[in-house]
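A closer look at the structure
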Amino acid sequence: MIIKKAILAALMTAALAGCETQTEGQQRATTGALVGGAGGALVGQAIGGNTKSTVIGAASGALLGAVVGSATTPQRRGEQLCRYQDRYGRIYTAPCDDRYYNGDY
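Reading the values: the criteria
- Residues numbered from 1 in each chain as written.
- Predicted model: local features only at pLDDT ≥ 70, side-chain atom pairs only at ≥ 80, totals over all residues.
- Heavy atoms only, no water.
- Pairing = 2+ DSSP bridges.
- Helix = DSSP H or I, 4+ residues; strand = E, 2+ residues; numbered from the N terminus.
- Expected span 1.5 Å × (residues − 1).
- Buried < 20%, exposed > 50% of the residue type's maximum accessible area, 1.4 Å probe, protein only.
- Contact = heavy atoms within 4.5 Å.

Examining the pairing of strand E2 (residues 91-95)
Pairing analysis gives five bridges linking strand E1 (residues 81-85) to E2, with the strands arranged antiparallel. Looking across to E2, one finds that Arg83 is bridged to Thr93. The hairpin formed by E1 and E2 contains five residues between the paired strands, and Gly89 there has a positive phi angle of roughly 90°.

Digging into helix H2 (residues 24-48)
The end-to-end C-alpha distance of H2 is 35 Å, a good match for the 36 Å that 25 residues give at a rise of 1.5 Å each. Inspection of H2 places Ala29, Gly32, Gly36, Gly37, Gly40, Ala41 and Gly44 among the buried residues, and these make up the whole buried set. Buried-residue contacts for H2 involve helix H3 (51-71).

Shown next as structure tokens:
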């Protein structure tokens with residue numbers, strides 16, 4: 001029993017150490033997957049009452065949590081690219097200017 005706890009503690013430490021080098025979007029996706037997986041497992045167990053439904057709920061919750069966590073990552077100003085057209089009709093992309101952020105486009 002003590003060996004299982006030690007292995008679990010080592011795995012958790014390794015998992016948390018890996019989060020240090022992630023971008024904000026990756027961290028939010030990882031956190032969403034963990035929270036969604038735990039919530040999905042609880043809901044699956046409550047609904048089905050067996051191992052299969054718990055695993056299905058955990059997998060579904062983790063997937064949904066990762067997608068939501070990644071999608072809700074705020075974009076930093078200057079990282080958005082907008083499409084512009086020059087006076088000759090050529091279309092190009094460049095970082096968005098203040099008109100985009102102020103809603104005056």
